[in-house]
Amino acid sequence: MTPDPIPGADVPALSIRDLRKTYDNGVEALKGISLEVAPGDFYALLGPNGAGKSTLIGIASSLVNKTSGEVRIFGVDIAADRDAAMRLIGLVPQEINFNMFEKPFDICVNYAGFYGVPRAIARERAERVLKEAQLWDKADKMSRTLSGGMKRRLMIARAMMTSPRLLILDEPTAGVDIEIRRGMWKTLKEINASGTTIILTTHYLEEAENLCRNLAIIDKGRIVEQGPMKALLAKLDVEGFLLDIEQALPGVLPKIEGATLLAEDEHTIDIEKPRAMELNHVFAALDAAGIRVRSMRTKTNRLEELFVRLTGDNNTGVAA
Ligand code: ADP
């Protein structure tokens, strides 16, 4: 679905200046965040648990009050005109929160009605968003009979009922398996391709990598890195593996130019190599030295590695 043309298309979809949030209990969840998301972008807020991601999008979608700072949605200041800003946003919360005893079609139509969309238009839109979410054949089934992945897609379809220009998702794939995650990625990519700006929070680097063009990494209420995804990944140019070796290792390991090899134990090599170096090159060099690799494991959790580099903090609690 294509949103109406945006007046002044160069106005950022989201613009945040020096945003701070201190909760009543004294927790400083945001310590001065500034960022801009361009219209049409697919943007990730990446960070470990407790970083402040949900607080940030809670404020952007007017569910949480800010302590200070400025937030604009397509130029509309949420403090000056909350309703106008809200009309531009579709929010997909972390928890599934529709009525399990309602049907997907009714959930979508009623949701739009709540936002003042006339019923005839809402019915047309419900058909479109449910088709886009591959749920049309389930439109008249009780929602509780949907699979986990379908329920998540219904959350997205429902948010699209108001034709938002900016779709915000809080950890859309937390705790769902990889197959469901991939299904959701497909739906989100299509929504973005049709012109809707998307911002999502995630603690999966893989998710941000798969979907997003730009991102901000948040840690302890501060942005520690922001910019294009590609530029960030280029910084992660080294990767590590543990190689399980069939026979006992020789006393001296072969040299592979550009890589570092260490004997972890008698049957395991710990290797660090530039990401650009083909693994086959490594295997061939080992093979030439009579060392046969039986299996291998990825050693580095890339997001953890990234956080350690950016924050000097070993205790990140993130998943890649
Ligand atoms: P994330 O989404 O990155 O996991 P949150 O925004 O949920 O992070 O939390 C940031 C910090 O604010 C955490 O220390 C959290 O405990 C705290 N926090 C979140 N919500 C509340 C609240 N309603 N009251 C008090 N503290 C909160």
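Right above here is the structure, for reference.
Residues numbered from 1 in each chain as written. Predicted model: local features only at pLDDT ≥ 70, side-chain atom pairs only at ≥ 80, totals over all residues. Heavy atoms only, no water.

**Section: the overall build of the chain**
And step 1. Check the secondary structure of the chain and you find ten helices and 14 strands.
And step 2. Principal-axis analysis of the C-alpha atoms places the extent of the chain at approximately 75 × 45 × 40 Å.
And step 3. Going through the 320 residues of the chain one by one, you find that 46% of them count as buried.
And step 4. Partitioning the intrachain contacts of the chain with sequence separation of at least 6 by distance along the chain shows that 68% fall at a separation of at least 24.
And step 5. The positive charge centre, built from 41 side chains, and the negative charge centre, built from 44, are 5 Å apart in the chain. (Helix = DSSP H or I, 4+ residues; strand = E, 2+ residues; numbered from the N terminus. Buried < 20%, exposed > 50% of the residue type's maximum accessible area, 1.4 Å probe, protein only. Contact = heavy atoms within 4.5 Å. Lys, Arg positive; Asp, Glu negative; His and termini not counted. Charge placed at Lys NZ, Arg CZ, Asp CG, Glu CD.)

**Considerations on the layout of surface pockets**
And step 1. Estimated volume of the second largest pocket: approximately 240 Å³.
And step 2. Lining the second largest pocket are 13 residues, with L63, M86, L91, Y111 and Y115 positioned closest to its centre.
And step 3. Elements represented by at least two residues in the lining of the second largest pocket include exactly α2 (82-87), β6 (89-92) and α3 (104-114).
And step 4. In terms of residues, the lining of the second largest pocket owes the most to one element, β6, which gives three residues. (1 Å grid on protein atoms, 1.4 Å probe; cavity = no way out; pocket = protein on both sides within 12 Å on 5 of 7 lines; lining within 4 Å. Points joined across faces, edges and corners; volume = space filled by probe spheres on them.)

**So, empty space enclosed by the protein**
And step 1. In total, this model carries two cavities of 30 Å³ or more according to the counting rule given.
And step 2. In this structure, the largest cavity spans a volume of roughly 50 Å³.
And step 3. Taken together, V92, P93, Q94, E95, I96, R152, M155, I156, D170, E171, P172 and M184 make up the lining of the largest cavity.
And step 4. Looking at which element gives the most residues to the lining of the largest cavity, the answer is helix α5 (residues 148-159), with three residues.
And step 5. A breakdown of the residues in the lining of the largest cavity according to their chemical character gives seven nonpolar, one polar and four charged.
And step 6. By volume, the second largest cavity amounts to about 30 Å³. (Nonpolar A, V, L, I, M, F, W, Y, C, P; charged D, E, K, R; others polar.)

**Focus on unusual backbone geometry**
And step 1. Residue S62 is not a glycine yet carries a positive backbone phi of 65°.
And step 2. Along the chain, S62 falls in the loop between α1 (53-60) and β4 (68-73).
And step 3. One non-glycine residue, F74, lies in the positive phi region at around 45°.

**Some details on the site of the ligand**
And step 1. Taken together, Y23, N25, V27, A29, P48, N49, G50, A51, G52, K53, S54 and T55 make up the full set of residues adjacent to the ligand.
And step 2. With respect to the ligand, the backbone of G50 contributes an N or O atom lying 2.7 Å from an oxygen atom.
And step 3. A51 is positioned such that a nitrogen or oxygen atom in its backbone is 3.1 Å from an oxygen atom of the ligand.
And step 4. Out of a free accessible area of 550 Å², the ligand has 61% covered by protein chains.
And step 5. Broken down by element, the shell around the ligand gets its largest block of residues, three residues, from α1. (Near = heavy atom within 4 Å. Polar contact = N/O pair within 3.5 Å; in protein donor to acceptor, adjacent residues only side chain to side chain. Areas by Shrake-Rupley, 256 points an atom, 1.4 Å probe, with all protein chains shown as cover.)

**With respect to the pattern of salt bridges**
And step 1. Using the criterion set out here, one finds 14 salt bridges in the structure.
And step 2. Of the charged contacts, one joins K53 and E171 as a salt bridge, the two residues approaching to 3.9 Å between their closest N and O atoms. Taken together, the residues K53 in helix α1 and E171 in the loop between β7 (166-170) and α6 (178-193) connect sequence positions 118 residues apart.
And step 3. In this structure, K131 engages E127 in a salt bridge whose closest nitrogen and oxygen atoms are separated by 2.5 Å. Of this pair, K131 and E127 both sit in helix α4 (residues 119-132), four residues apart, which is roughly one turn of that helix.
And step 4. K131 gets classed as partly exposed once you look at its relative accessible area, which sits at 43%.
And step 5. In the salt-bridge network here, residues are joined through shared partners; they are R17, E36, E70 and R72. (Salt bridge = Lys/Arg side-chain N within 4 Å of Asp/Glu carboxyl O.)

**Quick look at α1**
And step 1. A large share of α1 lies buried, amounting to seven of its eight residues.
And step 2. Among the residues trailing α1, S62 stands out with phi positive, at a value near 65°.

**Describing the sheet that holds strand β9 (residues 214-219)**
And step 1. Read across the sheet, six strands follow the order β6-β7-β8-β3-β9-β10 without closing on themselves; strand pairing throughout is mixed. With partners counted over all chains shown, the strands left at the sheet margins are β6 and β10 (222-228), one partner each. Neighbouring strand axes in the sheet, compared pairwise and without regard to direction, differ in orientation by 15° on average.
And step 2. In this sheet, β9 lies alongside strand β3 (residues 42-46) in parallel orientation, the contact comprising four bridges. If you follow L46 over to β9, its bridge partner there is I217.
And step 3. Contacts between α1 and the sheet are confined to β3, β6, β7, β8 (197-202) and β9, with β7 contributing the most and set at about 150° to the helix.
And step 4. Sheet strands in contact with α6 are β3, β7 and β8, and its direction is about 150° off that of β8. (Pairing = 2+ DSSP bridges. Axes fitted to C-alpha atoms, helices over the stretch in contact; angles between N-to-C directions.)

**Examining the packing of aromatic side chains**
Aromatic ring pairs are reported here in terms of the distance separating the ring centres and the angle at which the planes meet.
And step 1. Inspection of every chain in the model, using the stated rule, returns three aromatic pairs.
And step 2. Following the ring pairs from residue to residue traces out a cluster consisting of Y111, F114 and Y115.
And step 3. In this arrangement the basic side chain of R181 is found over the ring face of Y204, its NZ or CZ atom lying 4.1 Å from the centre. (Phe/Tyr/Trp six-rings, centres within 6.5 Å; stacked < 30°, edge-to-face > 60°. Lys NZ or Arg CZ within 6 Å of the ring centre and 35° of its normal.)

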